[in-house]
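As a plain string of letters, each chain reads:
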Amino acid sequence: MPSREAAPPRLVVAAPSSGSGKTTVATGLMAAFTRAGLAVSPHKVGPDYIDPGYHALATGRPGRNLDAYLCGTERIAPLFLHGARGADLAVVEGVMGMFDGAAGQGELASTAQVAKLLRAPVVLVVDASSQSRSVAALVHGFAAWDPQVRLGGVILNKVASDRHEELLRDALDEAGVPVLGVLRREGQLHTPARHLGLVPVAERRTDAVEAVDALADRVRRGCDLDALLALARGAGELTDEPWSPQGPADALDGPAPVIAVAGGPAFTFAYAEHTELLAGAGAEVVAFDPLRDETLPEGTAGLVVGGGFPEVYAPELSANAPLREAVARLAATGAPVAAECAGLLYLARELDGAPMCGVLDASARMGERLTLGYREAVALSDNVLAAAGTRLRGHEFHRTVTEPGAGPDPAWGLTGPRRRVEGFVRGGVHAAYLHVHWAAEPSIAARFVGAALRARRHDAPR
């Protein structure tokens, strides 16, 4: 039997708090090492969909999430090994502050926890713009807080001058923490943002390429890439087996059903493992763009419409009446349709007054309040994704509302401090705000593909 491929060298990029420059440094490192000829595997701690798009642009490989809340701590190393297969180096961007995770649940889903699960050294990105010698106390605190986290060095961001750099380096020398890079304050790169964070890569492709190239150049000039690579090579051994999306070889009866997956600028929120799981369950996965394509892919037997920013593109989505009608016809046949967050809005009657697909008896609009956070959920009825009573963890991330917020048969019951029901189950349609990671429950993909097969047989000529 051939030996299992060893885990690649790896680094976790963390920070004391959000806004310190993690994404700038992590994406710049990914791009710089890729341009140096290494195959770099990009990863992001947490449920974020947008940063992985920039990571993918920097490396040419899918950006992948490592979320211990959504997927369980036991799957973090296997998912990492799956995504990093064949890589020379893996760079993992953290989330929030290094020790921040799921609220009220200790270290769960924090950058520190993921670093320990991956046995990876951490590089701390520090916004040094308003401090000098105090940086040593800050870094010492992060280094000492959890002895199981190996802090391998610091990258100083927003440094004002040569003199400022000298003061910072002197302080960190006293603390015994290596400075692995210095990025100056002037000429900070601007990446546009809006109500849910950075603007996704798919919406600003040319500008995003230029921004990533600039980050690569800046990090190459400001950071000691050789020292960082040496640190990554000191990561501990991982003995876990890589996660696999492959289902049973005999799971399908007949030709592979076509599962259409929405993409393009309006629907950019997706976990790479979802399409891999669908393919592993025997489906032929075909992407399409609801802004451009007027028909669903030929032979579509099931439809997945994930998250994104349909509110930004409501007029264009509405103007594509042929596709909206095709989606409504498919849903009316009972074919499985999984719609998550943005997909929920697309299936509604209208979005901010613009006609949508009309599959759901609900209207959607932009709201005033951001809904954000992890959720515990239970499936309230049998549906194309899960059997009644199935318990999953999910994440909400939206500033829109639907009226009503749930149908006669809700998709999920959400537990916790604010118990409620949300979403819609109707025929083969499952539509809800809740984002779930299918790798946590691979039967979701198999169940969905099975529903597509049954729907296809039902519609076949007799």
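Only a predicted model underlies this, so the values are computations on that prediction, with no experimental measurement involved. (Residues numbered from 1 in each chain as written. Predicted model: local features only at pLDDT ≥ 70, side-chain atom pairs only at ≥ 80, totals over all residues. Heavy atoms only, no water.)

Caption draft 1: Looking closely at the overall build of the chain. From N to C terminus, the chain includes 14 helices and 22 strands. Expected size for 462 residues packed as a compact globule is a radius of gyration near 23 Å; at 23 Å, the chain falls within 12% of this value. Principal-axis analysis of the C-alpha atoms places the extent of the chain at approximately 80 × 55 × 45 Å. Looking at the chain as a whole, 57% of its 462 residues are labelled buried. Pairs at least 24 apart in sequence give 75% of the contacts found in the chain among residues at least 6 apart. Only carbon and sulfur atoms are counted for the fraction: they give 51% of the accessible area of the chain, which is about 18,800 Å². (Helix = DSSP H or I, 4+ residues; strand = E, 2+ residues; numbered from the N terminus. Rg over C-alpha atoms; globule rule 2.2 N^0.38 Å. Buried < 20%, exposed > 50% of the residue type's maximum accessible area, 1.4 Å probe, protein only. Contact = heavy atoms within 4.5 Å. Areas by Shrake-Rupley, 256 points an atom, 1.4 Å probe, with all protein chains shown as cover.)

Caption draft 2: Molecular detail of the packing of aromatic side chains. Per the stated rule, a full pass over the model turns up 9 aromatic pairs. Plain terms: the ring middles of Y49 and F269 are 4.9 Å apart, the flat faces sit at 5° to each other, and that makes the pair stacked. Placement of the pair is Y49 in the loop between β2 (40-45) and α2 (50-59) and F269 in the loop between β10 (258-262) and α10 (272-280), with a sequence separation of 220 residues. The exposure classification of Y49 matches that of F269, with both residues buried. Aromatic rings pair up to connect Y49, F269, Y271, F309 and F397 into one cluster. For the cation-ring pair, R393 lies above Y69, with the distance from its terminal atom to the ring centre recorded as 4.3 Å. (Phe/Tyr/Trp six-rings, centres within 6.5 Å; stacked < 30°, edge-to-face > 60°. Lys NZ or Arg CZ within 6 Å of the ring centre and 35° of its normal.)

Caption draft 3: Spotlight on the side chain of S363. Locating S363 in the fold gives a position in strand β16 (residues 363-379). Judged by relative accessible area, which is 12%, S363 ranks as buried. In contact with S363, other than residues within four places in its own chain, are R349, E350, V401, T402 and E403.

Caption draft 4: The environment of D289, seen in detail. Inspection of the secondary structure puts D289 in the loop between β11 (284-288) and β12 (300-305). Residue classification places D289 among the buried positions, given a relative accessible area of 12%. Spatially, the C-alpha atom of D289 lies 8.0 Å from that of P265, the residues being 24 residues apart in sequence. In contact with D289, other than residues within four places in its own chain, are G263, G264 and P265.

Caption draft 5: Structural detail: unusual backbone geometry. A cis amide bond links E403 with the next residue in sequence, P404, at an omega value of 0°. Tracing the sequence through the fold places P404 in the loop between β17 (391-403) and β18 (412-415). Look at M96: it is not a glycine, yet its phi comes out positive at around 50°. One non-glycine residue with positive phi stands out, namely K158, at about 60°.

Caption draft 6: Broad picture of the sheet that holds strand β13 (residues 337-340). With mixed pairing, 6 strands are arranged side by side in an open sheet as β11-β10-β12-β13-β21-β20. Looking at which strands have only one partner, the edges of the open sheet turn out to be β11 and β20 (424-426). Each neighbouring strand pair of the sheet contributes to a mean axis angle of 15°, computed without reference to strand direction. For β10 and β12, the ladder comprises 4 bridges, and the chain directions are parallel. (Pairing = 2+ DSSP bridges. Axes fitted to C-alpha atoms, helices over the stretch in contact; angles between N-to-C directions.)

Caption draft 7: Highlighting the environment of V285. On the secondary structure map, V285 appears in strand β11. Along the backbone, V285 and A260 are 25 residues apart, and their C-alpha atoms lie at a distance of 6.0 Å. Residues within four places of V285 in sequence aside, it is in contact with I259, V261, T275, L278 and A279.

Caption draft 8: Seen up close, the pairing of strand β5 (residues 122-127). For β5, the buried fraction is high: 5 of the 6 residues fall into the buried class. The pairing of strand β1 (residues 10-14) with β5 spans 3 bridges and is parallel. Bridge pairing links A14 to L124 in β5. What joins β5 to strand β6 (residues 151-159) is helix α6 (residues 134-145), and the crossover it makes is right-handed. (Right-handed = clockwise from strand over helix to strand, strands pointing away.)

Caption draft 9: Broad picture of the nonpolar core. Core analysis: the biggest nonpolar cluster contains 113 residues, and L156, L278 and W412 have the highest contact counts within it. Per element, the largest residue contribution to this core is 7 residues, and it comes from helix α1 (residues 22-35). Ranked by size, the runner-up nonpolar core spans 38 residues in total, among them V305, C341, C357 and F424. (Core = buried A, V, L, I, M, F, W, Y, C linked by side-chain atoms within 4.5 Å.)

Caption draft 10: Layout of the pattern of salt bridges. Enumeration over the complete set of coordinates arrives at 22 salt bridges. Note that D127 and K158 form a salt bridge whose closest N and O atoms lie 3.7 Å from each other. Of the two residues, D127 sits in strand β5 while K158 sits in strand β6, which places them 31 residues apart along the sequence. Of the residues examined, D127 reaches a relative accessible area of 24% and is grouped as partly exposed. When the shortest N-O distance is used, the salt bridge between R375 and E396 registers 2.7 Å. You can see R375 sitting in strand β16 and its partner E396 sitting in strand β17, a full 21 residues away along the chain. Residue R375 is classed as buried on the basis of its relative accessible area of 17%. You can call E396 buried: its relative accessible area is 1%. Where salt bridges share partners, they join D162, E165, R169 and R184 into one cluster. (Salt bridge = Lys/Arg side-chain N within 4 Å of Asp/Glu carboxyl O.)

Caption draft 11: Main features of the environment of L296. Residue position: L296 is located in the loop between β11 and β12. Taking C-alpha positions, L296 is 42 Å from A14, a pair spaced 282 residues apart along the chain. Not counting the four nearest positions on each side in its chain, L296 is found in contact with F288, L303, L323, A326, V327 and L330.

Caption draft 12: The packing of α1 against helix α9 (residues 225-232), seen in detail. The interhelical angle for the contact between α1 and α9, taken along N-to-C directions, is 95°, at an axis separation of 12 Å. In terms of axis orientation, α1 runs roughly perpendicular to α9. For the pair α1 and α9, contact is made by L29, A32 and F33 and by L225, L228 and L229, respectively. Here the residues of the contact of α1 with α9 are counted per class, giving 6 nonpolar, no polar and no charged. (Parallel < 35°, antiparallel > 145°, perpendicular 65-115°, else oblique. Nonpolar A, V, L, I, M, F, W, Y, C, P; charged D, E, K, R; others polar.)

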